[in-house]
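Geometric and topological summary
Take a look at the letters that make up each chain.
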Amino acid sequence: MRLRILTPGATTNKVIATIAVLGAAAAIAGLGTFATFTSSTSTSHTIASGTLSLTSGPVNRLGTGASLIAAGDSMQRAIDLNYAGSVDMGSATLTTSASTSSALDTDTTDGLRLAIDKCSVAWTESGPPYTYTCGGSVSTVLASQPLIGSNVGLSNLTLTAGTTDHLRVTVTLPSTAGNAFQNLSSTVGYTFTGVQRAGTSQ
Amino acid sequence: MPLLGHSGRRGRPGQLLASTALLVGAAGLTALGLCAGFANASPPAAGGHHPRLSVTPRALAPVGALAPGDRAERTLELRYRGAGRFTAVMLRMRSRNNSVLNSATRPGLHLTIERCSRRWTRKGRTKAYVCRGKHWSVLKAIRLSGERRFTLRHLSRLPGKTDHLRFTMSLPRTADNGLQGRISRMVYRFTGVAAR
């Protein structure tokens, strides 16, 4: 008999409990779904980095050697430096090194000396042996100094992206070079390095 | 009587349970009802009852030939329309393309956001902007890498107001040659969270 009376009560409790659980779930789901309103808007932006490029040519006679030079002789070679990137250079340097070395490049007093000039237009070449004349204005890029140097600063270059500097490299064996410089050989490499301009606001 | 007494003793937990169920059920219905009210309201994009965000321009002027040490400044206007105010404004940024400029491991692009109480003005004939009013930092310099989200600070967030922002993109001086000739296509998404 007790069981009969208690059974409906237990069922009621279960129903109530179920409603409670459902209600709680609905409350949580409702609050979770509609917690906030948002509004969005967007904008886009394309950013491109520039390029820095230092190339030589079409004129480049630096690879042309000279033989049987004597004290007081000089060799002229032309080279075009192109600033081919989209970013201007701020400065340029030259590093020269000898892969085959002799007193011609190691003697800084009587050994080979280097000077570089720039012509506002392309150099007019004659020879060989090569010599050059400038139909425009000439400016000094590097005053005479010992042939071998590291990161030597160059002056009066344009350095502007999309332009070309026409250079003439002159290597001279001083007239003071003695007999000790006879029958020697050096192979020299030239490396021009450009450094970008200072940072700006674009 | 034993039965009644027995029933009476068990009646209190039952009533308690019923009351709890009713309360929870009512709370659930209330929540749903409230939410239904929100749901029935005009959506933020169409109605004027809720705050909305808009930004101009939709595309910032592109930056070309950025070099290490360079910075590019762009201004934009963030407008708050409709009624009510936002409790927060978030910025989500992502790159549309996989660019090394947005690399997390290399010194790539950085972004800074500032706000001016007045419209930003050009600094002479340069491409830089200056603030001739009160000035705030909205977002300190962060790296433009991957998909990221930030809460913006010092915005007005008031209906009818416009925040004048300056975006400054920069490429660190330490950026190497590997970053030359690259393109980054960024999308900046502003999201305002409305006050309830």
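Residues numbered from 1 in each chain as written. Chains lettered and ligands numbered in written order. Predicted model: local features only at pLDDT ≥ 70, side-chain atom pairs only at ≥ 80, totals over all residues.

**Considering the overall build of chain B**
Helix and strand counts for chain B come out as one helix and eleven strands. Burial analysis of chain B (196 residues in total) assigns 29% to the buried set. For chain B, the share of sequence-separated contacts (at least 6 apart) that also reach a separation of at least 24 residues comes to 76%. (Helix = DSSP H or I, 4+ residues; strand = E, 2+ residues; numbered from the N terminus. Buried ≥ 20, exposed ≤ 12 C-beta atoms within 10 Å, placed from the backbone. Contact = placed C-beta atoms within 7 Å.)

**Structural notes on the overall build of chain A**
Helices and strands together make up the secondary structure of chain A, namely two helices and eleven strands. Listing every helix and strand of chain A by position from the N terminus yields α-β-β-β-β-α-β-β-β-β-β-β-β. In chain A, buried positions account for 27% of the 202 residues. If you take every contact in chain A between residues at least 6 apart in sequence, the share linking residues at least 24 apart comes to 78%.

**What to know about the sheet that holds strand E8 (residues 138-146) of chain A**
Residues and elements named next belong to chain A. An order of E2-E3-E10-E5-E8 is seen for the five strands of this open sheet, with the pairing classed as antiparallel. This sheet does not close on itself; its edge strands, each paired only once, are strand E2 (54-60) and E8. Taking each pair of neighbouring strands and ignoring which way they run, the sheet shows an average axis angle of 25°. Across seven bridges, the pairing between strand E5 (residues 113-119) and strand E10 (residues 164-172) is antiparallel. In the strand pairing of E10, Asp117 is matched with Arg168. (Pairing = 2+ DSSP bridges. Axes fitted to C-alpha atoms, helices over the stretch in contact; angles between N-to-C directions.)

**What about the nonpolar core?**
Within the largest apolar cluster, 62 residues are counted, with the highest numbers of intra-cluster contacts made by Ile47 and Leu167 of chain A together with Leu109 and Met169 of chain B. Excluding anything up to four places from it in sequence, Ile47 of chain A contacts Val63, Leu66, Ala72, Leu101, Leu109, Met169, Ser184 and Met186 of chain B. (Core = buried A, V, L, I, M, F, W, Y, C linked by C-beta atoms within 7 Å.)

**What about the environment of Ala128 of chain B?**
Along the polypeptide, Ala128 of chain B turns up in the loop between strand E6 (121-122) and strand E7 (129-130). Sequence separation of Ala128 of chain B and Ser95 of chain B is 33 residues, and the distance between their C-alpha atoms is 24 Å. Ignoring any residue separated from it by four or fewer positions in sequence, one finds Ala128 of chain B in contact with Ser201 of chain A together with Glu73 and Lys123 of chain B.

**Details of the confidence of the model for chain A**
Low pLDDT marks stretches whose predicted atomic positions should not be read closely. All names here are of chain A. Predicted confidence across chain A gives a mean pLDDT of 88, with 83% of residues reaching 70 or more. Within the model, the stretch residues 1-8 combines pLDDT values under 50 with one contact to residues more than four positions away or in other chains. Contacts from residues 26-34, a stretch scored under 50 in pLDDT, to residues over four places away or in other chains number 16 contacts. (pLDDT = per-residue confidence, 0-100.)

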